[in-house]
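Next come the chains, spelled out residue by residue.
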Amino acid sequence: MTSLSFRALLLFLVIVTAACAGPAIPHEPDILDVTLPAPAEKVRAAVIQVLTDGGYDVDRQDDQNLTTGYREEMGGPWNWLLRWRFGTGRSRVEALVTPAADQSTRLRLHVQYEGKDGIFTGWEDSPTALPQSAENQLRLIKNALQLL
């Protein structure tokens, strides 16, 4: 390979790489704060059920705070390789369940979603995928409470 063709190839790679890079697109945090017409114990149980059914491991910190680890987005013996090489999304949820009145409960859901698109990139905040979004989680919780 001649010096001129090597320089041309190097210049081409720099231009292509720079064209793919860009600033992160800002997005709003995925947070919902609602009041549900159900006792706090039922809401807490419904949140735990929905998150567990959705693939999250729920950690109950106290009577009000529920947190999860990262949801398993894909299963199988090679999932570590797929995540590392090709990228994927991962999410986790924080829920705050507080009694508002005798038969109502305030629920605050915060879904944190991160994405990765290749081997040389790290996890970055991304817009939440629809199945893991706070709105969809709320819909599933209302369905479990039979409030729809």
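Source: prediction; values computed, not measured.

Attention now goes to the environment of Val97. Counting through the fold element by element, Val97 comes out in strand β4 (residues 89-99). For Val97, a relative accessible area of 0% gives the class buried. In this structure the C-alpha to C-alpha distance between Val97 and Leu107, which are 10 residues apart in sequence, comes to 4.8 Å. In this structure, Val97 is in contact with Ala40, Val43, Arg44, Asp63, Gln64, Leu66, Thr105, Arg106 and Leu107, ignoring residues within four places of it in sequence.

As a further point, take the packing of aromatic side chains. All chains considered together, the criterion is met by zero aromatic pairs. Across from the ring centre of Tyr70, 4.1 Å away, lies the NZ or CZ of Arg90, which sits over that ring.

Another aspect to go through is the nonpolar core. A general tendency of soluble globular proteins is for nonpolar side chains to be buried together. Core analysis: the biggest nonpolar cluster contains 20 residues, and Leu36, Val43, Val47, Leu107, Leu109, Ile141 and Leu145 have the highest contact counts within it. Elements with a contribution of two residues or more to this core: α2 (40-53), β4, β5 (105-115) and α4 (134-144). Counting residues per element, this core draws most heavily on α2, which supplies six residues. The residues contacting Val47, other than those within four sequence positions of it, are Leu66, Ala95, Leu107 and Ile141.

It is worth spelling out the pattern of salt bridges at this point. What the rule picks out here adds up to three salt bridges. Notably, a salt bridge pairs Asp63 with Arg60, separated by 3.6 Å at the nearest N-O pair. Since its relative accessible area comes to 52%, Asp63 is described here as exposed. A salt bridge links Arg90 to Glu114, with the nearest nitrogen and oxygen atoms 2.8 Å apart.

Quick reminder: α-helices carry 3.6 residues per turn. Residues three or four places apart thus point the same way. Here α2 contains 14 residues, and its C-alpha end-to-end distance of 20 Å stays within 8% of the 20 Å for a straight helix at 1.5 Å per residue. Every buried residue of α2 is listed here: Ala40, Val43, Arg44, Ala46, Val47, Val50 and Leu51. Looking straight down α2, one finds that the buried residues subtend no more than 165 degrees of arc, so they occupy a single side. Within α2, the exposed residues directed more than 90 degrees away from the buried face are Glu41, Lys42 and Asp53. Contact partners of the buried residues in α2: β1 (30-36), β2 (58-60), β3 (65-68), β4, β5 and α4.

Thresholds, definitions, all that
Residues numbered from 1 in each chain as written. Predicted model: local features only at pLDDT ≥ 70, side-chain atom pairs only at ≥ 80, totals over all residues. Heavy atoms only, no water. Helix = DSSP H or I, 4+ residues; strand = E, 2+ residues; numbered from the N terminus. Buried < 20%, exposed > 50% of the residue type's maximum accessible area, 1.4 Å probe, protein only. Contact = heavy atoms within 4.5 Å. Phe/Tyr/Trp six-rings, centres within 6.5 Å; stacked < 30°, edge-to-face > 60°. Lys NZ or Arg CZ within 6 Å of the ring centre and 35° of its normal. Core = buried A, V, L, I, M, F, W, Y, C linked by side-chain atoms within 4.5 Å. Salt bridge = Lys/Arg side-chain N within 4 Å of Asp/Glu carboxyl O. Expected span 1.5 Å × (residues − 1). Arc of directions from axis to C-beta.

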